[in-house]
Amino acid sequence: MDEFNSRIDAKRKVLQIVNSSESFTEELMDLSSKSINRWQLNNEIEKDSLITKKLRLIANDLFFLSNISQQQISDNYILKSKEINEHIRELYQIVSQEFG
Amino acid sequence: MNHVYVFGSLVRGDYDNYSDIDLLALVSSYNEKYDINKFSIYSYERIKELWNQGNPFAWHLSIESKLVYSSDGKDFIAELGTPSDYKNAVHDCNKFLTLYLDSKRSLLNNTNSVVFEISNIFLAIRNFSTCFALSKGENIFSRDSSKLLGKNSLNISESTYDILVRARILSTRGTGEILSGTEIQKVKTSLPHIDSWFNSLNMEIDNGRI
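The structure contained in this document is the topic of the report that follows. No experiment lies behind these values; they were computed from the predicted model shown.

On to the overall build of chain A. When helices and strands are counted, chain A shows four helices and zero strands. Listing the helices and strands of chain A from first to last along the sequence gives α-α-α-α. By the compact-globule yardstick of 13 Å for 100 residues, chain A fits well, its C-alpha radius of gyration being 14 Å. With the principal axes as the frame, chain A shows a C-alpha extent of 40 × 25 × 25 Å. The contacts of chain A with a sequence gap of at least 6 include a subset with a gap of at least 24, amounting to 54%.

Counting secondary structure elements, chain B contains eight helices and four strands. Helices and strands appear in chain B in the N-to-C order β-α-β-β-α-α-β-α-α-α-α-α. Taking the principal axes of its C-alpha atoms as reference, chain B extends roughly 55 × 40 × 30 Å. Each of the 210 residues in chain B was classed as buried or not, and the buried ones make up 33%.

On the chain A side, the residues contacting the 23 residues of chain B number 23 residues. Among the secondary structure elements, those contributing two or more residues to the side of chain B that touches chain A are β3 (39–43), α2 (44–53), α5 (89–108), α6 (114–135) and α7 (158–173) of chain B. For the side of chain B that touches chain A, the residue count by class is seven nonpolar, 11 polar and five charged.

Our focus in this paragraph is the environment of arginine 56 of chain A. If you trace the backbone, arginine 56 of chain A turns up in helix α3 (residues 50–67). C-alpha of arginine 56 of chain A to C-alpha of glutamate 83 of chain A: the two residues are 27 residues apart in sequence and 14 Å apart in space.

Residues and elements named next belong to chain B. Reading across from one edge, β3-β2-β1-β4 is the order of the four strands in this open sheet, with mixed pairing throughout. Of all strands in the sheet, those bounded by a partner on one side alone are β3 and β4 (65–70). Ignoring strand direction, the axes of neighbouring strands in this sheet form an average angle of 25°. In the sheet, strand β1 (residues 2–7) pairs with strand β2 (residues 22–27) via six bridges, with the strands oriented antiparallel. Its bridge partner lying in β2, valine 6 is registered against leucine 23.

All names here are of chain B. Between its terminal C-alpha atoms α6 stretches 32 Å, which fits the 32 Å expected from 22 residues at 1.5 Å a residue. Of all the 22 residues making up α6, 22 are buried; the element is thus mostly covered by neighbouring parts of the structure. Positioned one or two residues after α6, glycine 137 has a phi angle of 80°, which is positive.

Here we take up the environment of glutamate 49 of chain B. Residues and elements named next belong to chain B. Relative to the helices and strands, glutamate 49 resides in helix α2. Classification of glutamate 49 by C-beta neighbours within 10 Å gives partly exposed; the count is 16. For the pair glutamate 49 and proline 83, spaced 34 residues apart in sequence, the C-alpha to C-alpha distance is 9.9 Å.

As a further point, take the nonpolar core. Val14 of chain A together with Ile118 and Ala124 of chain B are the most contacted members of the largest nonpolar core, which has 61 residues in total. With 14 residues, the single largest contributor to this core is α6 of chain B. Sequence-distant contacts of valine 14 of chain A, defined by excluding residues within four places in its chain, comprise Leu31, Ile58, Ile88 and Leu91 of chain A.

Reading guide: rules and limits
- Residues numbered from 1 in each chain as written.
- Chains lettered and ligands numbered in written order.
- Predicted model: local features only at pLDDT ≥ 70, side-chain atom pairs only at ≥ 80, totals over all residues.
- Helix = DSSP H or I, 4+ residues; strand = E, 2+ residues; numbered from the N terminus.
- Rg over C-alpha atoms; globule rule 2.2 N^0.38 Å.
- Contact = placed C-beta atoms within 7 Å.
- Buried ≥ 20, exposed ≤ 12 C-beta atoms within 10 Å, placed from the backbone.
- Nonpolar A, V, L, I, M, F, W, Y, C, P; charged D, E, K, R; others polar.
- Pairing = 2+ DSSP bridges.
- Axes fitted to C-alpha atoms, helices over the stretch in contact; angles between N-to-C directions.
- Expected span 1.5 Å × (residues − 1).
- Core = buried A, V, L, I, M, F, W, Y, C linked by C-beta atoms within 7 Å.

What follows is the structure, encoded as structure tokens:
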């Protein structure tokens, strides 16, 4: 799969995990900073909550991957992709335990 | 070293209520004064790479950007000259077609992330159109690129198109009213029409006309 489509897929997984919880009245619509801000505000989530921090971390990592250059791609890309998968697993646990 | 450019609708002259002010920062190393939420931030190395690949974003910048700050008095982008010929149209169009098909599938399977998927559908349509046009030597970088393809333009109702745009703005800027059930259904109803449009443009690609 193309890296662009893989990054969208990772984003889709994150959103599906968050939006599977019935604790939130408004869906998370993207991982853009403004979208996370809106979701956090409209669902009355604490700014420093674990879930918000985790979402911002994943968003930053995906942004990093989208800007990485060809020379850096092999090692850094694989490493960062693994980190993102780990963050997604942790996000799933947070949502299950705190918002399940 | 760093350079700042404004690009997109403001430079093109079709800035409207839906438009963002697009800012590009070129940096040689991490620079905390450039907020990733306000700037597209690229290293000089990455920009040169995009130029060499003839990437659509390189073409966009080469045609529709304006220098607003330079730490060395030079216009880095102007000095890069014209990007290489655009050769990745088939690959890029396929990438955005995949995006469309994935999001369509998810939407029809009653995803819990409706706005995200509709926003992706808009992104796929827009970027596919831009890549398709660029491969034919036409520079169409507008948000409404799919409406500017002449006989190949996407022909869906204005009201449906507006729903796609709203979803995109909701997801990227976090502003606007959430889509209603009726609006979501309207998008779903238009999917066969959008399928036909993708198929028709893909046929041109397969026929080697681009």
